[in-house]
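# Coordinate inspection notes
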Amino acid sequence: MIKDIINKKRVGEELSRSELEEAFLGYLKGSVLDYQMSSLLMAICIQGMSLEETFILTDLFLNSGDQLDFSNIPGIKVDKHSTGGVGDKTTLVVVPIVASCMVPVIKMSGRGLGYTGGTIDKLESIPGYKTELLEDEIMKQVGDIYAVMMGQTGELCPLDKKVYALRDVSGTTDSIPLIASSIMSKKIAGGADKILIDIKVGSGAFMKTLKDAEDLSDIMIQIGEKYGRETRTIISDMNTPLGRMVGNGLEVEEAMDVLQGKEKGSFYDLCVELASQMVSMGKDISVSDAKIMVEDSIISGHAYQKFLDIVSYQGGRMDEFSVSQNVLEISSEVSGVVQSIDALEVAKLSCLLGAGRLTKEDKIDPGVGVYLNVLVGDKVEIGDVLLCLYLKSDDKGEYDISKIFEIK
Ligand code: URA
C-alpha cells in the first residue's frame, strides 16, 4: 500500500523496484494521488535515495514515454545540458561551435518557467524561427548542416513531467537523486550517444555548495554509464549571472558577439570549455586538441556562420531581429570595486521587466532585459553606469536595483 511505502521511506529504508513501481507508475495512472506523491517526494528529499533506487527511478521515467533513435545519422551525437542559471545562453554559442567542428548536435531545449526565459524563448525572439521540427526534418537538417536547436519532439519521460510539476509546487525540487534521475532520463531518451552536463553551483542555482554539485555529478556519470552513454560533467559558477545580458533577445545578441569573438571573459571561457569537451567526445580526441579546433572555429568566423545557417535553416529572419529601443541607464551612487552581482536579484528584475514568466500562461516580451555594464572586479565611480534596462515601450523604469550590486 502507498501508505506503507511512504512510511518506509520516511524512516530511511530503501525501497524495492516493486515498491517504486507501485508508487510512481501508480502516480502516472492516477491511482496514487498528488498528496500521497508529494508526501513520498518529501520523504525522499529528507532521507535521500540509494544509487540502486536512483537507477530504478531513472528507468521508470525513461520507460514512461518515447525514446528517440538517431542512430542512422552518421557520427557520434553529443548532447549538452545545463542545470540552469541566470543569463545561461551557452547553448546558442556552443551548438554552432561544435557543429562547425563537424560534430552532429541535436539540441532540444525547453521554455523557462521561473524568473528567466529558457533557450526556446531566446530562439523565438528571432522572427520566424521554427522550434518544432519533425523527425525527418531533424535528420535532413543535421545531415546538411550538422545541428538543430529546437524544442522537444515526441513525448519524452511523461512520468518525470508529472512528478516535476508536483515537485515545483511542493517544495521538493532540492534532492540530488530526484534531480539526477529527472535530467538523465530525459537526456537518455533524447537519443544522444554521449552527454555533457554543466552543473551550476551558487546562489542562482539548484546546487548551493560544491559538495552537492560533486555528488550530483557522481550520480549522473554513473547513470550515464549504466545506459552506455559516456557522460562528462563540468561544475561552473552561478553566483553571478553568465555574461552581461539577461533577457531573451538580448541574450541572442550577446551569443552572436561571443561567437564573433567580440566579447571575452568568463562567459566566453565557459563556452569554449563546454564546446571543447563536446568536440573531444564527438571526435574521440583530447580536450586540448579539441580546444584548438574550437578556438579556430571562432577566429575563422565558421562558428558564427554556423549560427546564421541554423537560424536561416529553421526559418529565422535575422534582418528583422531587434531588441527594445526604450533603454534606461542606471548609475552608481557610490564608488568602489564591484564585489558581487546577485544572480537571483538580476533574474527577478528581468522578470519584472517582462522577460520571464511565473505561470505557463504568462507572455514574455522578447525585447526586454538587463545589460550589466560592470562586472565583478570592475572599479566604479559615482555616476558610472551600472546597468541598462531594456524596457517595454510604455515602461518608465522605476525599479529598485539596491539588492543587485555589492560595491565596496
Ligand atoms: N531540471 C530538470 O529537468 N529536472 C530537475 O529535477 C531539475 C532541473
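Anyway, here's the lowdown on the structure attached to this text. (Residues numbered from 1 in each chain as written. Predicted model: local features only at pLDDT ≥ 70, side-chain atom pairs only at ≥ 80, totals over all residues. Heavy atoms only, no water.)

## Points about the sheet that holds strand E1 (residues 78–82)
Spatial strand order, E1-E4-E5: three strands in an open sheet with parallel pairing. Two strands in the sheet have a free side with no partner beyond their single neighbour: E1 and strand E5 (230–237). With strand direction ignored, the average angle separating the axes of adjacent strands in the sheet is 20 degrees. One ladder, built from eight bridges, connects strand E4 (residues 194–201) with E5; its direction is parallel. Its bridge partner being in E5, isoleucine 195 is matched across the sheet by threonine 231. With respect to the sheet, helix H10 (residues 210–226) is in contact with E4 and E5, its orientation differing from that of E5 by roughly 165 degrees. (Pairing = 2+ DSSP bridges. Helix = DSSP H or I, 4+ residues; strand = E, 2+ residues; numbered from the N terminus. Axes fitted to C-alpha atoms, helices over the stretch in contact; angles between N-to-C directions. Contact = heavy atoms within 4.5 Å.)

## Quick notes on the packing of helix H5 (residues 90–100) against helix H14 (residues 302–313)
Contact geometry for H5 and H14: axes closest at 8 Å, N-to-C directions at 105 degrees. In terms of orientation, H5 lies roughly perpendicular with respect to H14. Residues Leu92, Val95, Pro96, Ile97, Ala99 and Ser100 of H5 touch H14, and the partners they reach there are His302, Ala303, Lys306, Phe307 and Ile310. Tallied by class, the residues present in the contact of H5 with H14 amount to eight nonpolar, two polar and one charged. (Parallel < 35°, antiparallel > 145°, perpendicular 65-115°, else oblique. Nonpolar A, V, L, I, M, F, W, Y, C, P; charged D, E, K, R; others polar.)

## Description of the environment of glycine 354
You can see glycine 354 is positioned in the loop between helix H15 (343–353) and strand E9 (369–372). Residues glycine 354 and valine 368, spaced 14 residues apart in sequence, show a C-alpha to C-alpha distance of 6.5 Å. Among all residues touching glycine 354, those that are not within four sequence positions of it are Lys363, Ile364, Asp365, Val368 and Lys392.

## Here we look at the site of the ligand
As a structural note, the neighbourhood of the ligand is formed by Tyr164, Arg167, Ile179, Ser182, Ile183, Lys186 and Phe206. Within the side chain of serine 182, an N or O atom sits 2.6 Å from a nitrogen atom of the ligand. With the chains in place, 90% of the 240 Å² that the ligand exposes on its own is no longer accessible. Counting residues per element, the ones that place at least two in the shell around the ligand are helix H8 (158–169) and helix H9 (176–189). With four residues, the single largest contributor to the shell around the ligand is H9. Classifying every residue of the shell around the ligand gives four nonpolar, one polar and two charged. (Near = heavy atom within 4 Å. Polar contact = N/O pair within 3.5 Å; in protein donor to acceptor, adjacent residues only side chain to side chain. Areas by Shrake-Rupley, 256 points an atom, 1.4 Å probe, with all protein chains shown as cover.)

## Details of a nonpolar patch on the surface
There is a patch of nonpolar side chains on the surface, built from Tyr115, Leu344 and Leu358 and spanning about 260 Å² of accessible area. By the element assignment, tyrosine 115 lies in the loop between strand E2 (105–109) and helix H6 (119–123). A residue is classified by how much of its surface remains accessible, and tyrosine 115, at 33% relative accessible area, is partly exposed. (Patch = residues over 30% accessible without salt bridge, like charges linked within 9 Å, V, L, I, M, F, W, Y side chains within 5 Å. Salt bridge = Lys/Arg side-chain N within 4 Å of Asp/Glu carboxyl O. Buried < 20%, exposed > 50% of the residue type's maximum accessible area, 1.4 Å probe, protein only.)

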